[in-house]
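What follows is the residue order along each chain.
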Amino acid sequence: FDRMADAKLVERASAIHQEMVTNATAFPSPSPSLTQVRSAIDDFQEALNAAVGGDRVLVAQKNIARQTLVNLLHLLGYYVLFTAQGNRLIALKSGFRLAKDPTPVVITKPTGLKVENGDQDGVLQVSIKTVPGAVAYMHQYSTDPALKEDSWMSVTCSTAKCHLAGLQPGTKYFIRVGAIGTKEQVLFSDTVSKIAA
């Protein structure tokens, strides 16, 4: 995405958005949401149209809107890899193009998980030690003491630190972080619990 021409980026992003809408059952809870992605596409298209005359300020605004869209597409791509769990057919339904199979970098289990209350109510700050070879991290939380797989909510972050917002103060949350490697490798940290303030 970083090297695509502006018009081509709008075209590719729109195609990905449409494919993921069409195949919503394969991708039930995109992170970032498809609404966020659609909004970023529209904002970039609007800024692109406004910058046609070459005005410096409008071009700068266009570049900011472009980077916002590219960042969201990268995060959405990580979500697709995590959700597909190595199934290329499912991944292809997202509209993303899959690279040729790389030589995988073997990642290790994430360690050093820390969970602290944030500055605002209902926010937990989650961090782990950086995992060499990881391309993204899936920060997950659950309120289910049995830790059933379908109880986990996921937030995809490109770094080992992430803020979990919109939580219920006074509720006990179980937290784990999955490191995502090349070729859809995923390894989870141990689980810790924390009561949101």
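So, here's what we can say about the structure. Quantities reported herein were computed from a predicted structural model and do not represent experimental measurements.

Here we come to the nonpolar core. If you look at the biggest cluster of nonpolar residues, it comprises 25 residues, and the most contacted ones within it are Met20, Leu69, Leu76 and Val80. Of all the secondary-structure elements, those providing two or more residues to this core are α1 (6-22), α2 (34-50) and α3 (56-84). A per-element tally of this core places α3 first, with 9 residues. Setting aside chain neighbours within four positions, we find Leu76 in contact with Ile16, Met20, Pro30, Ser31, Pro32, Leu34, Val37 and Phe96. One finds Ile107, Ala160, Leu167 and Ile175 within the second-largest nonpolar core, a separate group that totals 17 residues.

This next bit is on the layout of surface pockets. Considering only enclosed or pocket space, the second largest pocket measures out at about 330 Å³ in volume. If you go around the second largest pocket, you meet 15 residues; those closest to its centre are Ser29, Phe82, Gln140, Trp152 and Ser154. Broken down by secondary-structure element, the contributors of at least two residues to the lining of the second largest pocket are α3, β3 (136-142) and β4 (153-157). Ranked by residue count, the leading element in the lining of the second largest pocket is α3, at 3 residues. Across the lining of the second largest pocket, the residue classes break down as 7 nonpolar, 5 polar and 3 charged.

Rules of the game
- Residues numbered from 1 in each chain as written.
- Predicted model: local features only at pLDDT ≥ 70, side-chain atom pairs only at ≥ 80, totals over all residues.
- Heavy atoms only, no water.
- Core = buried A, V, L, I, M, F, W, Y, C linked by side-chain atoms within 4.5 Å.
- Buried < 20%, exposed > 50% of the residue type's maximum accessible area, 1.4 Å probe, protein only.
- Helix = DSSP H or I, 4+ residues; strand = E, 2+ residues; numbered from the N terminus.
- Contact = heavy atoms within 4.5 Å.
- 1 Å grid on protein atoms, 1.4 Å probe; cavity = no way out; pocket = protein on both sides within 12 Å on 5 of 7 lines; lining within 4 Å.
- Points joined across faces, edges and corners; volume = space filled by probe spheres on them.
- Nonpolar A, V, L, I, M, F, W, Y, C, P; charged D, E, K, R; others polar.

So yeah, pure geometry; function would need other evidence.
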